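One letter stands for each residue in the lines below.
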There are 2 protein chains.
Amino acid sequence: MEHALAEAEAAAERGEAPIGAVVVLDGRIIAADGNRVREHNDPSGHAEVLVLREACRVVENHRLNGADLHVTLEPCAMCGGAIAEAQIARLYYGAPDPKGGAVDHGPCLFNQPTCHHRPEVYGGIDEQRCAALLKDFFAKLRD
Amino acid sequence: MEHALAEAEAAAERGEAPIGAVVVLDGRIIAADGNRVREHNDPSGHAEVLVLREACRVVENHRLNGADLHVTLEPCAMCGGAIAEAQIARLYYGAPDPKGGAVDHGPCLFNQPTCHHRPEVYGGIDEQRCAALLKDFFAKLRD
């Protein structure tokens, strides 16, 4: 999560929502990035989707069986769906997101009968630091 | 939907699930594609995400306000989430997907309080032809 937090900080410096993610396979980080929605004009440019795509390029497969995803915020529906599509084994997230999260809030995607792959989920990892980054960023936007 | 069906047929010829999509803005198709999950080793390579990304490149924005998405199959959670992120105005889909759909089945994403943009949704457009393409493709896979 330390590395994901650094990516979130870098995203904030680019003017993006400060969310970062890494994919770990066999104890090694194979992809790391932060949000790039505005930079790339890409509504799918959330940190999670970017690292899933990069990790898939690295392993030359459209699935990441056995891999873990660490992300600083509870994933939204798009990212939760992408995590299921990629068949990620374990999801570790930082701050819960009651307003937009889709893992433990709203649709609770992985509990749906239409979800064909359910990762193990561990929320609240480094929650305070992950949430503080977001809070500071949006407070500055409102200034 | 005619153009989306042609993209679905082209996807089948590439060995991908036969699903096609187009984005229409001001009465003009600005992006059209079919699934490329395997070709690109990309779990987010569903037709919907590909055309949303391409359309955003065309309009140089991360949102597609006022645009319509036509797709041959009811979108999954990832694609439904991407449609909300892109703020698509109207979604037209072909075949319903009770097993993996996330619009009118499973999480019914756009009805969730955590969904921040709800397109108008019209399902069952050219349903028979859209469903037949999928049925034929998966029947051949099982042969």
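In this report, the structure presented in the accompanying data block is examined. Model, not experiment: these values are computed from the prediction.

## Focus: the relation of the copies chain A and chain B
For the pair chain A and chain B, the relating rotation is 180 degrees, the translation along its axis is 0.0 Å, and the fit reaches an RMSD of 0.0 Å. Overall, the copies show the geometry of a two-fold rotation axis. It is Met78 of chain A whose C-alpha, among those of chain A, lies nearest the rotation axis, at 1.9 Å. The fraction of interface residues of chain A whose copies in chain B are also interface residues reaches 100%, indicating that both copies meet through the same surface.

## Brief notes about the state of the cysteines
Taken as a whole and assessed by the stated rule, the structure comprises zero disulfides over all chains. Among the cysteines around Cys76 of chain B, which has no disulfide bond, Cys79 of chain B carries the closest sulfur, lying 3.9 Å off. According to the relative accessible area criterion, Cys76 of chain B is buried, its value standing at 12%. With no disulfide of its own, Cys115 of chain B has Cys76 of chain A as its nearest cysteine by sulfur position, at a separation of 10 Å.

## Brief notes about the pattern of salt bridges
Tallied over the full model, the rule gives 16 salt bridges over all chains. The salt bridge involving Glu39 of chain A is made with Arg36 of chain A; its shortest N-O contact spans 2.7 Å. Arg36 of chain A gets classed as buried once you look at its relative accessible area, which sits at 18%. Taking the shortest distance from any N to any O, the salt bridge between Glu39 of chain B and Arg14 of chain B comes out at 3.5 Å. Note that Glu39 of chain B is positioned in the loop between β2 (28-34) and α2 (47-59) and Arg14 of chain B in the loop between α1 (2-13) and β1 (20-25), a separation of 25 residues in sequence. On the basis of relative accessibility, which here comes to 46%, the residue Glu39 of chain B falls in the partly exposed class. A relative accessible area of 30% means that Arg14 of chain B is categorised as partly exposed. Bridged by salt links that share partners, the residues Arg14, Asp33, Arg36 and Glu39 of chain A form one connected network.

## Things to note about the sheet that holds β1 of chain B
Residue and element names in this part refer to chain B. Read across the open sheet, the five strands follow the order β2-β1-β3-β4-β5; overall the sheet is mixed. On the outer flanks of this sheet lie β2 and β5 (120-122), each paired with one strand and no other. The mean angle between the axes of side-by-side strands here comes to 15 degrees, regardless of whether they run parallel or antiparallel. Across five bridges, strand β3 (residues 68-73) lies against strand β4 (residues 90-95) in parallel orientation. Bridge pairing in β4 places Asp68 opposite Arg90. Lying on the sheet, α1 is in contact with β1, β2 and β3; it crosses β1 at an angle near 150 degrees.

Scoring rules and cut-offs
- Residues numbered from 1 in each chain as written.
- Chains lettered and ligands numbered in written order.
- Predicted model: local features only at pLDDT ≥ 70, side-chain atom pairs only at ≥ 80, totals over all residues.
- Heavy atoms only, no water.
- Least-squares fit on C-alpha atoms with pLDDT ≥ 70 in both.
- Contact = heavy atoms within 4.5 Å.
- Disulfide = S-S within 2.5 Å.
- Buried < 20%, exposed > 50% of the residue type's maximum accessible area, 1.4 Å probe, protein only.
- Salt bridge = Lys/Arg side-chain N within 4 Å of Asp/Glu carboxyl O.
- Helix = DSSP H or I, 4+ residues; strand = E, 2+ residues; numbered from the N terminus.
- Pairing = 2+ DSSP bridges.
- Axes fitted to C-alpha atoms, helices over the stretch in contact; angles between N-to-C directions.

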